[in-house]
Amino acid sequence: MTFRFVFPAVLLLVFLSLTAPTARADEATCVAKLPSNIDAGMFGSEILEILSRSETFRRQCLRIAAVRFLRIRLGISPPLSTDYRAFTLLARYDAGALRADVTLAFAENYVELLGHEFEHVLEQIDGVNLRADAARGHARVLPDGAYETHRATEAGLQVLREYETLAPEAGRRRQLRLR
Ligand SMILES: [Zn+2]
């Protein structure tokens, strides 16, 4: 009789010990600090500011933080061609790792673009089939073969709306952090 109770308990212990290393996102992650799998380059303080104002961006950040096989690196470039304000190059490795190099054009609206490009990364985490989405009209293929999606466009605009709505509150928060 007792065996029935002991067995699940042992399984639970094994489960916890296996999953403990993945529990990297502590309470401060995506609030006071960036996830370890985002190399923010010069955008560190910018991202913390957006996190303090946008619930959508916090959700994106927490989802990214939870994916161990993902690395995101942010970079900046001189103004891109007139067609682009940002782009993300995604590389998937044989072992399953996903690497995203996100480039933002200098002096663009980083708030909208970070929300937009992070959503592109999440699309890949979710296994979105861009070709199929394009066939259904949810995405389009640009002249150079890159994809643009409604989902990323909407996410970027939503992050921007939230950011602008909460501007006064974010100002008070920033003061608190400086004490
Ligand atoms: Zn896009």
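Remember, predicted model here, so these are calculated numbers, not experimental data.

What follows is about the sheet that holds strand β1 (residues 38-39). Across the sheet, four strands lie side by side as β1-β2-β4-β3; this open sheet has mixed pairing. On the outer flanks of this sheet lie β1 and β3 (86-92), each paired with one strand and no other. Here helix α4 (residues 110-125) sits on the sheet in contact with β1, β2 (70-77), β3 and β4 (98-105), set at roughly 160 degrees to β4.

Estimates place the volume of the largest pocket at around 560 Å³. Forming the walls of the largest pocket are 23 residues, and the residues nearest its centre are A86, E117, H120, Y147 and E148. Tallying contributions element by element places α4 first for the lining of the largest pocket, with seven residues. Along the lines of polarity and charge, the residues of the lining of the largest pocket split into 10 nonpolar, six polar and seven charged.

What follows concerns unusual backbone geometry. Backbone geometry places C30, a non-glycine residue, at a positive phi of 70 degrees. Given a relative accessible area of 1%, C30 falls into the buried group.

One pass over the structure, following the stated rule, counts 13 salt bridges. Between D101 and R73 there is a salt bridge, with the nearest N and O atoms lying 2.9 Å from each other. With D101 in strand β4 and R73 in strand β2, the pair connects residues that are 28 residues apart, well separated along the chain. Notably, a salt bridge pairs D101 with R99, separated by 3.5 Å at the nearest N-O pair. With relative accessibility at 27%, the residue R99 sits in the partly exposed group.

So, about the packing of α4 against helix α6 (residues 150-165). The N-to-C vectors of α4 and α6 enclose an angle of 140 degrees; their axes lie 7 Å apart at closest approach. Taken as axis vectors, α4 and α6 run oblique relative to one another. Where α4 crosses over α6, the two elements pack in a sense that is right-handed. Residues V111, E112, G115, H116, E119, H120, L122 and E123 of α4 lie in contact with α6, whose contacting residues are R151, A152, T153, A155, G156, L157, V159, L160 and Y163. By residue class, the composition of the contact of α4 with α6 is eight nonpolar, five polar and four charged.

About the criteria used
Residues numbered from 1 in each chain as written. Predicted model: local features only at pLDDT ≥ 70, side-chain atom pairs only at ≥ 80, totals over all residues. Heavy atoms only, no water. Pairing = 2+ DSSP bridges. Helix = DSSP H or I, 4+ residues; strand = E, 2+ residues; numbered from the N terminus. Contact = heavy atoms within 4.5 Å. Axes fitted to C-alpha atoms, helices over the stretch in contact; angles between N-to-C directions. 1 Å grid on protein atoms, 1.4 Å probe; cavity = no way out; pocket = protein on both sides within 12 Å on 5 of 7 lines; lining within 4 Å. Points joined across faces, edges and corners; volume = space filled by probe spheres on them. Nonpolar A, V, L, I, M, F, W, Y, C, P; charged D, E, K, R; others polar. Buried < 20%, exposed > 50% of the residue type's maximum accessible area, 1.4 Å probe, protein only. Salt bridge = Lys/Arg side-chain N within 4 Å of Asp/Glu carboxyl O. Parallel < 35°, antiparallel > 145°, perpendicular 65-115°, else oblique. Left-handed = near helix turned anticlockwise from the far one by under 90°.

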